[in-house]
Amino acid sequence: MKNTFISILIFTALIVNAQHMGNFNNKVSKMEISRANIAMSMGNDAVYGHPNMQQYVAPQPSDMLYINLRSLYNVDATDYTAVFNIVQVGKTAEETTQFMNDKIDLIKKELSSKGFQGQFALDMISFVPQYEMEVTKKLFSKTYTEVPIGFELQQNLLISYTKDSDFQKILTACGKAEVYNLVKVDYYVKNLEAVYEDLQKKLLAEVVKKKLYYKELGFDMKDYNVIMADKKYYHTPKDFYKSYLAAENISMESLKNQKSVTTVRKPTSYYYDPISYSGYDVVVNAAITKPVIQLGMDLSLRYTLKPIVKQPEPKPEPVKTPQPKVYVVSPNGPIDIKQIPNN
């Protein structure tokens, strides 16, 4: 009884913490993990690319200065939307619609009785007839004809809520209505602009520190021209679930004694693997205890020396050319001196 109770607690914890992935997970990376993958020596480092095995390369000096900064912000969601897929069949269109409405009304009633204050929305997916082949026997042949035998209605039920604790209530209510297909859980942040603004301020503070570092090294940033590039990104928990398969161990003692070995199905397990902090200069709310939204902002600055402007050399003063003089000697002897004007 004690072991059963512990198993129930573990299962409940897994449901609550793994809500973010849902059944729709086309981005999951398949990765087989067994006990052999636990680090026992440096042997696995070469296989998995451990940073300690990378050859050190010294940074190369350059006539340009760079400031490359990365920042990450772990923030709890303020709103959630759980999406459940419901498929209902019936003999007639009216019966199928009524069965679907009964399920949805039961979910709403169950949640309302527990004080749930969330919102509900329906997304119509399809409403199509179902057919089967009817054989008509004739004297010399058979005829196969498709005839409608019922209808299939498919809808997505969207349930919005604001507390983590509400998710367990939603699962219980949907289970009572025989709705089990959880597609996904979307995360939202109301004050998204304020979070990015706070992250931007922290990046600017890091830029000031970096400039001060360059100044201490003897570089005057006024002598440099700068160009920049930046980007932002936004990741929800469902983007970072990974899967693994448990190791399949066979008892060698059973083989030795020729006892039958029962093969046990090893289900695929999932775990939340958030963005690693390696390579980040700023990490806000680094200690996380549950899946969170991870906002990021990267900034790249490149400084190049301004070209040296040469001062123009002073122009030499022009050489004054003496104006020529003409001496006119008259037949009578007097000399007349005349100046020739410059044109």
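Report follows, based on the coordinates. If you're wondering where the values come from, they're calculated on a predicted model, not measured in any experiment. (Residues numbered from 1 in each chain as written. Predicted model: local features only at pLDDT ≥ 70, side-chain atom pairs only at ≥ 80, totals over all residues. Heavy atoms only, no water.)

Turning next to unusual backbone geometry. In this model, E178 sits at a positive phi of 60°, which is unusual for a non-glycine residue. Mapped onto the fold, E178 is located in the loop between α4 (165-176) and β5 (181-188). Here N285, not a glycine, exhibits a phi torsion of approximately 60°, which is positive. In this fold, N285 is placed in the loop between β9 (282-284) and β10 (293-305). (Helix = DSSP H or I, 4+ residues; strand = E, 2+ residues; numbered from the N terminus.)

Moving on to the packing of aromatic side chains. Centre-to-centre distance and the angle between the planes together describe a pair of aromatic rings. Counted by the stated rule, this structure contains eight aromatic pairs. The interplanar angle of 85° and the centroid separation of 4.8 Å between the aromatic rings of Y80 and Y187 together place this pair among those described as edge-to-face. Taken together, the positions of Y80 in strand β2 (residues 79-90) and Y187 in strand β5 put the pair 107 residues apart, joining distant regions of the chain. The burial state of Y80 is the same as that of Y187; both residues are buried. Note on Y241 and Y272: the rings are 5.7 Å apart at their centroids and 50° apart in plane angle, and the pair reads as tilted. Taken together, the residues span a long stretch of sequence, with Y241 in strand β7 (residues 241-245) and Y272 in strand β8 (residues 268-272) at a distance of 31 residues. We classify Y272 as buried; its relative accessible area is 18%. One aromatic cluster is present, formed by Y80, Y161, F167 and Y187 through successive ring pairs. The cationic tip of R70 hangs over the ring face of Y280; the distance from NZ or CZ to the ring centre is 4.3 Å. In this arrangement the basic side chain of K232 is found over the ring face of Y196, its NZ or CZ atom lying 4.5 Å from the centre. (Phe/Tyr/Trp six-rings, centres within 6.5 Å; stacked < 30°, edge-to-face > 60°. Buried < 20%, exposed > 50% of the residue type's maximum accessible area, 1.4 Å probe, protein only. Lys NZ or Arg CZ within 6 Å of the ring centre and 35° of its normal.)

Before going further, it helps to examine the side chain of D186. With respect to the secondary-structure elements, D186 resides in strand β5. Residue D186 is classed as buried on the basis of its relative accessible area, which comes to 14%. Within the local environment of D186, its side chain forms a polar contact with the side chain of K184, the two groups lying 3.4 Å apart. The contact partners of D186, leaving out residues within four places of it in the chain, are D79, Y80, T81 and K238. (Polar contact = N/O pair within 3.5 Å; in protein donor to acceptor, adjacent residues only side chain to side chain. Contact = heavy atoms within 4.5 Å.)

Nothing here speaks to function; it is geometry throughout.
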